[in-house]
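Residue strings, one per chain:
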Amino acid sequence: MQAGSSMKKNVWNLDEIIEKLPGYIEKLKEVSEVLLSNLIMAGEIPAPTFRESKRVEFILDRFTEAELQNSSTDEVGNAVAILPGTEGKENILIVAHTDTLYSEKVDHTLTIQPNFVIGPGVGDNSLGLAVIMTLPFILEHLGITLDSNLILLAASRSLGRGDLEGLRFFLSNTDIPIIAGVSIEGVQLGRLSYSSIGMIRGEISCTVPEEYDWSRFGSVGSIVTINEVINQILEIPIPKRPKTTIVFNSIESGTGKFSRIPKSAFLRFEIRSESDDMVHEIYQRIEDITADISYRSGDEVSLTIYSKRRPGGIEFSHPLTRNVRSIMRSLRIKPRISPSTSELSAFIDQKIPAITLGITKGDRLDDDRESIEIEPIFTGLAQLVALLLAIDGGQCVDNK
Amino acid sequence: MSTINKWLKENTFHHSKFQNINDLIKEKEKQELSISLCIPTLNEEKTIGKEIVIFKSELITKYPLLDEITVIDSGSTDNTRDVAGSFGADVYLAKEILPEVGAKKGKGENLWKAIYQLKGDIIVYIDADIKNIHPRFVYGLIGPLLYRKTIQYVKAFYERPLTTSHGVRPSGGGRVTEILVRPLFSLFFPELSALIQPLSGEYAVRRSLLEKIPFPIGYGVETSHLIDVYNMLGMEAIAQTDLDQRVHRNQQTRDLGRMAFGILQTVLSRMNSLGIISELPALNHTLRQFQTDDNIFETVEHNILEEERPPMIEIPAYRKKMGYN
């Protein structure tokens, strides 16, 4: 530890932090059952977006139990608490989203085996939440006291139509200055996102009017109309630079019965681009297509936006990403660098340097047989602890 | 009836009453008690890991309410023992405990041998097939024993029999309870009919009582316990705790038929030995069930003999281990 270089007590340089990591991994195995217990107990509480209150209540109980400060919820259903630092002059925000893709009707039972945990939402993002809930216990077990306050945020309403409402609300309404943000995703270990791409998510709906002439010949029904929409979207020229994609996420129509002509169809899509202008240009083209087809077919074709992200983020060379890469290298974690469309964009809007990290390896994501590996979790946690020490020690500040 | 209602009011608890685990630990330390958790298993690899992780984390690492977690296995052919061991439970094969008394097959055998193997002054038994496991399954059963010395035996039940916003709703146990055990209790041991789920596999008992009661090794163990404790100490020694919902595998009616057959044997034997009925003829131990194969009916015979282990206190090795004269 370097002495006297600032007012901070924890002025670690990165090499000193990295030296400690093998020891940390062994110590972290000793808290395995506490982490897994939090994972199971939170993960078995259903939390589809906008109906996360029971899971949030459990998280708040855990925050209170850990004797954290200011353990509370807010208008949008976040759970937040502060682990006070010895100095308390700076604040680091750790966030994991509380919501899942699964409705209450899905059996949320998790199964635990010696090497795996299996069940819906276990990696996305029950493990992330378990890390947030267990972090005070982990730091205490490792004998680490940070100078900075650690703000733990279980952010509500993140996915789909939630559009990061919880994190956005917190960042817009808090008066606590935050020096860095770390978004935790259960999977995949090695994930490193430091920038967000521009994005619009939307839904095109097609409804056949009640007064439709069912006796007319030729192809009829909402599937035909939505198919025409898809054909025309596919004709939109996509540039190589800036990198841009259009993704059709899902399509829904028909009753599954031969005797019924489908009356409605829904197409969910995503426009992604490094350029905000390109996202909006393509969106404009899709809007024109829907209006044109609506006019020509006589069907009601409408377009709804679910969420928008602006591109941005920190540089690849920013000390925050540089240090994470060094930490990953020392732990033999292969970095998977990818732009994010998740929590990062809320940080970017507030100009807070932030990254997204994954904790372990997982499989069958978005499936109710989703599984995560237990053993890599300890490496993932060591990576997080090292990053917190680096941020706390002032190693991640961009002085440019 | 008023006695039953009085007992229901005074000896029926809800787990939330005991959720302050620190208070339970203070009581435990004040009374200088040790508490053991026993999980009897037979091919439970899917659920056993979760039970151990949660109980170890919440009731040993974070709050030292339990002194040990032990799995007593009947000889699983799946990975139950490995899974349990990998998450830190003490794991034993029932047949390797007290080998001099031999090995018998049945859950009651595991529960009985646990008395010898485990160290606690209180032993909590929890079945291994619970999908929605939670620390309340343990602290809810221990609470009444720590707060009231007259209570010796605490049984779980799994729903609220109390009033709701829509008035009183019916409450009760599973199919075997409502069709067999409660009618039997109502006929011969009316006060015991106040137990909402007499067959639940989760209960906590003081060692001082446990070592004095015999153990049927099969289906009849829970029923015989209640009859024996009631006869020895009366209803004041028994309590029950509402643990809310329990999610577990549903059993087929045919399986329940075998369970009912075993329980009925045990109850009849008890009634005979207590002098409630006399001249019980020799019981036939074969249960016949039927299946059809291409419209041909076939008999399926199950030999279900409810053997019984004597009170553990009568076993010399146990007396020696405990330092009894």
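Undergrad: How should I be thinking about the overall build of chain A in this particular structure?
TA: Each helix and strand counted, chain A has ten helices and 18 strands in total. A compact globule built from 400 residues should have a C-alpha radius of gyration of about 21 Å, and chain A, at 23 Å, falls within 12% of that. Once the C-alpha set of chain A is aligned to its principal axes, its extents read approximately 85 × 45 × 40 Å. Expressed as a percentage of its 400 residues, the buried residues of chain A come to 48%. A sequence separation of at least 24 residues applies to 80% of the contacts in chain A between residues at least 6 apart.

Undergrad: I keep staring at the overall build of chain B and nothing clicks. Help me out?
TA: Scanning chain B from N- to C-terminus turns up eleven helices and 14 strands. A compact globule built from 325 residues should have a C-alpha radius of gyration of about 20 Å, and chain B, at 20 Å, falls within 12% of that. Over its C-alpha atoms, taken along the principal directions, chain B stretches across nearly 60 × 50 × 45 Å. Residues counted as buried form 46% of the 325 residues belonging to chain B. Pairs at least 24 apart in sequence give 75% of the contacts found in chain B among residues at least 6 apart.

Undergrad: How do you make sense of the sheet that holds strand β11 (residues 244–253) of chain A when you look at a structure like this?
TA: Sheet strands associate in pairs through backbone hydrogen bonding, adopting either a parallel or an antiparallel arrangement. Residue and element names in this part refer to chain A. Read across the sheet, four strands follow the order β11-β12-β10-β13 without closing on themselves; strand pairing throughout is antiparallel. Each edge of the open sheet carries a strand with a single partner, namely β11 and β13 (300–309). Here the strands of the sheet are splayed against their neighbours by 15 degrees on average, with no regard to which way each runs. Here strand β10 (residues 198–207) runs beside β13; their pairing, made up of nine bridges, is antiparallel. In the sheet register, Thr-207 faces β13, and the bridge partner there is Glu-300. This element, helix α6 (residues 222–234), spans β10, β11, β12 (264–273) and β13 of the sheet and lies at about 15 degrees to β12. The strands touched by helix α7 (residues 276–297) are β10, β11, β12 and β13; relative to β13, the strand with the most contacts, the crossing angle is about 165 degrees.

Undergrad: What is the right way to look at the sheet that holds strand β5 (residues 116–118) of chain A in this model?
TA: Residues and elements named next belong to chain A. Spatially, the four strands line up as an open sheet ordered β4-β5-β18-β17, and their pairing is antiparallel. The sheet terminates laterally at β4 (111–112) and β17 (362–363), the two strands that pair on one side only. Where β4 and β5 come together, two bridges link them in antiparallel fashion. Of the residues in β5, the one forming a bridge with Ile-112 is Val-117.

Undergrad: Hey, could you run me through the nonpolar core in this one?
TA: Burial of nonpolar side chains together is a common tendency in soluble globular proteins. The biggest cluster of nonpolar side chains holds 171 residues, and the ones touching the most others in it are A:Ile94, A:Leu152, A:Leu153, B:Val124, B:Val138 and B:Ile142. If we skip the residues at most four places from it in the chain, A:Leu152 touches A:Phe63, A:Val80, A:Ala81, A:Leu83, A:Ile94, A:Ile132 and A:Leu135. Listed in part, the 18 residues of the second largest apolar core include A:Ile226, A:Met278, A:Val279 and A:Ile289.

Undergrad: Could you clarify how one ought to interpret the interface of chain A and chain B in this entry?
TA: In this complex, chain A contributes 13 residues to the contact, which on the side of chain B involves 17 residues. For the side of chain A that touches chain B, the secondary structure elements donating two or more residues are α2 (32–43) and β4 of chain A. Ranked by the residues each element gives to the side of chain A that touches chain B, the list is headed by α2(A), at six residues. Here the side of chain A that touches chain B is built from residues that sort into seven nonpolar, four polar and two charged.

Undergrad: For this particular structure, what's the right way to read α2(A)?
TA: Count 3.6 residues to each turn of an α-helix, and residues three or four apart come out pointing the same way. Compared with the 16 Å implied by 1.5 Å per residue over twelve residues, the 16 Å span of α2(A) between its first and last C-alpha is a close match. Taken across its twelve residues, α2(A) has twelve buried, putting it largely inside the fold. Where α2(A) is concerned, the buried positions are A:Ser32, A:Glu33, A:Val34, A:Leu35, A:Leu36, A:Ser37, A:Asn38, A:Leu39, A:Ile40, A:Met41, A:Ala42 and A:Gly43. Buried positions along α2(A) lie against α1 (14–29), α3 (53–65), β4, β5 and α4 (122–142) of chain A together with α3 (45–61) of chain B.

Undergrad: I'm lost on the domain arrangement of chain A in this one. Help?
TA: Residues and elements named next belong to chain A. Here chain A is described as being made up of domain 1 (14–196 + 311–392) and domain 2 (198–309). One C-alpha centre belongs to domain 1, the other to domain 2; they are set 36 Å apart. Taken residue by residue, the interface counts seven residues in domain 1 and eight residues in domain 2. Looking at the side of domain 1 that touches domain 2 residue by residue, the classes come out as one nonpolar, four polar and two charged.

Undergrad: Whenever I open this one, the pairing of strand β11 (residues 238–242) of chain B confuses me. Can you help?
TA: The two faces of a sheet get side chains in turn, since along a regular strand they alternate between them. All names here are of chain B. Most of β11 sits inside the fold, with five of its five residues counted as buried. Judged by which residues are buried, β11 turns out to be covered on both faces: Ile-238, Gln-240 and Asp-242 on one side and Ala-239 and Thr-241 on the other are all buried. Bridging between strand β1 (residues 12–14) and β11 involves three bridges; their strand directions are parallel. What sits directly across from Phe-13, in β11, is Thr-241. In the sheet, strand β6 (residues 153–157) pairs with β11 via five bridges, with the strands oriented parallel. Residue pairing across strands places Tyr-153 opposite Ile-238, the latter belonging to β11.

Undergrad: Please explain the packing of α2(A) against α4(A) as it appears in this structure.
TA: For any two helices packed against each other, the geometry comes down to the angle between their axes and how far apart the axes lie. Residues and elements named next belong to chain A. Look at α2 against α4: their axes get within 8 Å of each other, and the N-to-C directions meet at 130 degrees. Taken together, α2 and α4 sit at an angle that is classed as oblique. α2 and α4 meet at a crossing whose hand is right-handed. Of the residues in α4, those in contact with Val-34, Leu-35, Asn-38, Leu-39, Ala-42 and Gly-43 of α2 are Val-122, Ser-126, Leu-127, Leu-129, Ala-130, Met-133, Thr-134 and Phe-137.

Undergrad: Before we go on, may I ask you to explain the environment of A:Val117 in this structure?
TA: Residue and element names in this part refer to chain A. Along the chain, Val-117 turns up in strand β5. Residue Val-117 is classed as buried on the basis of its C-beta count, with 29 C-beta atoms lying within 10 Å. For Val-117 and Cys-396, which are 279 residues apart along the polypeptide, the C-alpha to C-alpha distance reads 34 Å. Setting aside chain neighbours within four positions, we find Val-117 in contact with Leu-36, Leu-39, Leu-110, Ile-112, Val-122, Ser-371, Ile-372 and Ile-374.

Undergrad: Teacher, can you tell me more about the environment of B:Gly262 here?
TA: Residues and elements named next belong to chain B. Along the chain, Gly-262 turns up in helix α10 (residues 253–273). Owing to 26 C-beta atoms within 10 Å, Gly-262 belongs among the buried residues under this scheme. Spatially, the C-alpha atom of Gly-262 lies 23 Å from that of Ala-204, the residues being 58 residues apart in sequence. Discounting chain neighbours no more than four positions away, the residues touching Gly-262 are Gly-218, Tyr-219, Gly-220, Ile-304 and Glu-306.

Undergrad: Can you walk me through the pairing of strand β12 (residues 286–293) of chain B in this structure?
TA: For β12(B), the tally of buried residues reaches only zero of eight residues, placing the bulk of the element at the surface. Turn length for the β12(B)-strand β13 (residues 296–303) of chain B hairpin, with the two strands adjacent in sequence and antiparallel, is two residues, and the turn residue B:Asp294 shows positive phi of about 55 degrees.

Undergrad: I keep staring at the packing of α1(A) against helix α10 (residues 375–392) of chain A and nothing clicks. Help me out?
TA: Residues and elements named next belong to chain A. With their axes 9 Å apart at the nearest point, α1 and α10 run at an angle of 145 degrees to one another. Of the two possible hands of crossing, α1 and α10 adopt the one that is right-handed. Contacts between α1 and α10 involve Leu-14, Ile-17, Ile-18, Leu-21, Tyr-24, Ile-25, Leu-28 and Lys-29 from the first element and Phe-378, Thr-379, Leu-381, Ala-382, Val-385, Ala-386, Leu-389 and Ala-390 from the second. Tallied by class, residues from the contact of α1 with α10 come to 14 nonpolar, one polar and one charged.

Undergrad: What is the right way to read unusual backbone geometry from this model?
TA: Among all residues save glycine, negative phi is the norm, and among peptide bonds the norm is trans. Residue and element names in this part refer to chain A. Looking along the chain, the bond that leaves Asp-124 and enters Asn-125 is cis, with omega of 10 degrees. Along the polypeptide, Asn-125 turns up in helix α4. Cis peptide bonds are those with omega within 30 degrees of zero, and the linkage from Val-187 to Gln-188 qualifies with 0 degrees. Of note, Gln-188 is situated in the loop between β7 (180–187) and β8 (191–193).

Parameters at a glance
- Residues numbered from 1 in each chain as written.
- Chains lettered and ligands numbered in written order.
- Predicted model: local features only at pLDDT ≥ 70, side-chain atom pairs only at ≥ 80, totals over all residues.
- Helix = DSSP H or I, 4+ residues; strand = E, 2+ residues; numbered from the N terminus.
- Rg over C-alpha atoms; globule rule 2.2 N^0.38 Å.
- Buried ≥ 20, exposed ≤ 12 C-beta atoms within 10 Å, placed from the backbone.
- Contact = placed C-beta atoms within 7 Å.
- Pairing = 2+ DSSP bridges.
- Axes fitted to C-alpha atoms, helices over the stretch in contact; angles between N-to-C directions.
- Core = buried A, V, L, I, M, F, W, Y, C linked by C-beta atoms within 7 Å.
- Nonpolar A, V, L, I, M, F, W, Y, C, P; charged D, E, K, R; others polar.
- Expected span 1.5 Å × (residues − 1).
- Domains from an automatic or database assignment.
- Parallel < 35°, antiparallel > 145°, perpendicular 65-115°, else oblique.
- Left-handed = near helix turned anticlockwise from the far one by under 90°.

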